[in-house]
Amino acid sequence: MTKQRQMILEVLQNTKAHPTADWIYEQVRQAVPRISLGTVYRNLRVLKEMGDIQELNYGSTYSRFDGNPAPHYHFVCQDCGKVMDIDLPLLTDYDEQVAGTVGGQVDFHRMEFYGNCSDCLT
């Protein structure tokens, strides 16, 4: 693991914000001033392929990244775009039900909830 990759992983693991690559770049650049945005993107791709992080793509022009690679659900605010982890147990029985319905195998599922966060409601 390179120094840059380790820094990127630490930034992601120390935030709950589900940041963009640009935000990650700005944070890492404080410790590694000569790092390029391209290096951040390449290392995010490698970390995703290694299973150390998740890439969250909600159909916008940019992805967000999650330092928690364990399966979990997310809430997306439709007003401000904030993405939050939902601390609820996974509905693993759905995997079996869907597999039985389609006559196949379910390896995982992804579920997001959409609405307005408490900040936007006030």
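So, how was this worked out
- Residues numbered from 1 in each chain as written.
- Predicted model: local features only at pLDDT ≥ 70, side-chain atom pairs only at ≥ 80, totals over all residues.
- Heavy atoms only, no water.
- Helix = DSSP H or I, 4+ residues; strand = E, 2+ residues; numbered from the N terminus.
- Buried < 20%, exposed > 50% of the residue type's maximum accessible area, 1.4 Å probe, protein only.
- Contact = heavy atoms within 4.5 Å.
- Axes fitted to C-alpha atoms, helices over the stretch in contact; angles between N-to-C directions.
- Parallel < 35°, antiparallel > 145°, perpendicular 65-115°, else oblique.
- Left-handed = near helix turned anticlockwise from the far one by under 90°.
- Nonpolar A, V, L, I, M, F, W, Y, C, P; charged D, E, K, R; others polar.
- Pairing = 2+ DSSP bridges.

Novice: Got a minute to help me understand the side chain of T20 in this structure?
Specialist: With respect to the helices, strands and loops of the structure, T20 is situated in the loop between α1 (3–13) and α2 (21–31). A relative accessible area of 19% means that T20 is categorised as buried. Apart from residues no more than four positions distant in its own chain, T20 is found in contact with Y62, S63, R64 and F65.

Novice: Which parts of the structure should I look at to understand the environment of N116?
Specialist: If you trace the backbone, N116 turns up in the loop between β5 (112–115) and α5 (118–121). Each C-alpha atom of the pair N116 and G81 lies 9.1 Å from the other, and the pair is 35 residues apart in sequence. When neighbours within four sequence positions are excluded, N116 is seen to be in contact with F75, C77, Q78, D79 and L121.

Novice: Got a minute to help me understand the packing of α1 against α2 in this structure?
Specialist: Axis separation between α1 and α2 bottoms out at 10 Å; the angle between their running directions is 120°. Relative to α2, the element α1 is oriented oblique. Once α1 is placed against α2, the crossing between them reads as right-handed. Packed against α1, whose contacting residues are M7, I8, V11 and L12, the element α2 presents W23, I24, Q27, V28 and A31 at the interface. The class makeup of the residues in the contact of α1 with α2 is eight nonpolar, one polar and no charged.

Novice: Explain the sheet that holds strand β4 (residues 83–86) to me, please; I cannot follow it from the model alone.
Specialist: Paired through backbone hydrogen bonds, the strands of a sheet run either parallel or antiparallel to each other. Across the sheet, which stays open at both edges, the three strands sit in the order β4-β3-β5 with mixed pairing between neighbours. The open sheet has two edge strands with one neighbour each: β4 and β5. Geometrically, the sheet is characterised by an average inter-axis angle of 25° between neighbouring strands, direction not taken into account. Across four bridges, the pairing between strand β3 (residues 73–77) and β5 is parallel. By the bridge assignment, V76 is partnered in β5 with Y114.

Novice: Teacher, can you tell me more about the pairing of β3 here?
Specialist: The two faces of the sheet receive side chains in turn, since in a regular strand these alternate between them. Of all five residues that make up β3, five are buried, and the element is covered over most of its length. Burial along β3 is two-sided: Y73, F75 and C77 facing one way and H74 and V76 facing the other are all buried. Note: β3 against β4, four bridges, orientation antiparallel. By the bridge assignment for β4, Y73 is matched with I86. As consecutive antiparallel partners, β3 and β4 are separated by five residues, and within that stretch G81 has a phi angle of approximately 85°, a positive value.

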